[in-house]
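# Results of the structural survey
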Amino acid sequence: CTRPPSTSVGRGDSRRPPGRRVGVPSHNAIVEDTMNVTGSYTFDAPAQQVWDLLLNTEAVAACVPGCESLEPIGENKFRASLTMAISAVTGRYEGTVEMADLVPPSSYRLVVHGKGKPGIVNGGTNITLTEAHGITTVAIDGTVQVAGTIARVGQRLLGGVSKMMMDRFFNCLKARLEHQRTGT
């Protein structure tokens, strides 16, 4: 018994383009990744003072790593430009940052939409300030979605890079607050 040459054997037609490995996205495939972003940062200052600093556009722009501009375009909404590098992918992003659901001086929601040659970044983060005995803890809890080259190349590195960027941002804010308090 012989089979005609056009008959395939096995689970359906498992043929794929030559040179393409199973489970590996093609070069043109859109790769997306979602990650949780959490953190906690302590300030030796009352919540109102930390809140005021977090709403100070000049201070925030100076402390966001790679931030080139942060311009108001509405109430609590800003146009942002920044350059960032993850692994071999460096690029400039343009987008919007919005502070929503403000409950001074205890919480707000930060909503970010950005797009650049390396891909797309969208996210939402709840920022909560809790004060005890003049010490304020800022808690971050959010989700970020990335798509494009940055997701494909930086998938395993994104968590570490986002943590590093948050650490740099909050350490910069702490230094500014200390400078305001001591004048040094």
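First, a word on scope: everything that follows refers to the structure included in this document.

## Things to note about the overall build of the protein
Across its full length, the protein carries four helices and seven strands. Within the protein, the proportion of its 184 residues that are buried is 33%. A separation of at least 24 residues holds for 53% of the contacts in the protein among residues at least 6 apart in sequence. For the protein, the accessible surface area stands at approximately 11,400 Å², while carbon and sulfur atoms represent 53% of it.

## Digging into the sheet that holds strand S7 (residues 135–147)
Taken in spatial order, the seven strands line up as S1-S7-S6-S5-S4-S3-S2 in an open sheet, and their pairing is antiparallel. The two strands at the open ends of the sheet, each matched to only one other strand, are strand S1 (32–43) and strand S2 (67–74). Direction aside, the axes of adjacent strands within the sheet are offset by 20 degrees on average. Pairing of S2 with strand S3 (residues 77–86), which is carried by six bridges, proceeds in the antiparallel orientation. Counterpart to Leu70 in the pairing with S3 is Ala80.

## With respect to the environment of Ala59
Its place among the elements puts Ala59 in helix H2 (residues 57–63). Along the primary structure Ala59 and Cys172 are separated by 113 residues, whereas in three dimensions their C-alpha atoms are 8.8 Å apart. Among all residues touching Ala59, those that are not within four sequence positions of it are Leu53, Leu173 and Arg176.

## What about the environment of Phe78?
Mapped onto the fold, Phe78 is located in strand S3. A residue is classified by how much of its surface remains accessible, and Phe78, at 11% relative accessible area, is buried. Once the C-alpha coordinates of Phe78 and Met99 are considered, the two residues, 21 residues apart in sequence, prove to be 8.8 Å apart.

## Describing the packing of helix H1 (residues 47–54) against helix H4 (residues 158–182)
The N-to-C vectors of H1 and H4 enclose an angle of 115 degrees; their axes lie 11 Å apart at closest approach. Crossing hand, H1 versus H4: right-handed. Residue-level contacts link Gln49, Val50, Leu53 and Leu54 of H1 to Phe169, Phe170, Leu173, Leu177 and Gln180 of H4. Residue composition of the contact of H1 with H4, grouped by class: seven nonpolar, two polar and no charged.

## Quick word on the pattern of salt bridges
According to the stated counting rule, one finds five salt bridges in the structure shown. Here Glu68 makes a salt bridge to Arg92, at a shortest N to O gap of 2.6 Å. With a gap of 24 residues between them, Glu68 in strand S2 and Arg92 in strand S4 (residues 89–103) connect regions that are remote in the sequence. With a shortest N-O distance of 2.6 Å, Arg181 and Glu178 are connected by a salt bridge. Of this pair, Arg181 and Glu178 both sit in helix H4, three residues apart, which is roughly one turn of that helix. Take Arg181: its relative accessible area is 40%, and that puts it in the partly exposed class. Residues joined in a network through salt bridges with shared partners are Asp44, Glu178 and Arg181.

## Quick notes on the state of the cysteines
This model, assessed by the stated rule, comprises one disulfide. Paired through a disulfide, Cys63 and Cys172 show a sulfur-sulfur distance of 2.2 Å. Handedness of the Cys63-Cys172 disulfide follows from its S-S torsion of about -65 degrees: it is left-handed. One end of the pair, Cys63, is in helix H2; the other, Cys172, is in helix H4, with 109 residues separating them in the sequence.

So, how was this worked out
- Residue positions are counted from 1 within each chain, in the order its sequence is given.
- Where local features are concerned, this predicted model is filtered to residues with pLDDT of at least 70; where side-chain atom pairs are given and counted, the filter is 80 or more; whole-chain, interface and lining totals use all residues.
- Excluded from the side-chain calculation are hydrogens and water; included are all heavy atoms of the structure.
- Secondary structure elements are taken from DSSP: a helix is a run of H or I of four residues or more, a strand is a run of E of two residues or more, and numbering for both begins at the N terminus.
- When a residue's accessible area, from a 1.4 Å probe over protein chains only, is under 20% of the maximum for its type it is buried; when over 50% it is exposed; and in between it is partly exposed.
- Only heavy atoms matter for contacts: two residues are in contact if any of them lie within 4.5 Å across the pair.
- Here the accessible surface of atoms and residues is derived via Shrake-Rupley with a 1.4 Å probe, and residues count as covered only by protein chains that are part of the display.
- For two strands to be treated as a pair, DSSP must find at least two bridges joining them.
- Here an axis means a line fitted to C-alpha atoms, over the contact stretch when the element is a helix, while the angle between two N-to-C directions is reported on a 0 to 180 degree scale.
- Working rule for handedness: look at the near helix, and if it is turned counterclockwise from the far one by less than a right angle, call the crossing left-handed; if clockwise, right-handed.
- The classification used treats Ala, Val, Leu, Ile, Met, Phe, Trp, Tyr, Cys and Pro as nonpolar, Asp, Glu, Lys and Arg as charged, and all other residues, Gly among them, as polar.
- Any Lys or Arg side-chain nitrogen found within 4 Å of a carboxyl oxygen on Asp or Glu counts as a salt bridge.
- Criterion for a disulfide: a pair of cysteine sulfur atoms within 2.5 Å.

Read these as layout, nothing more, since geometry by itself doesn't imply function.
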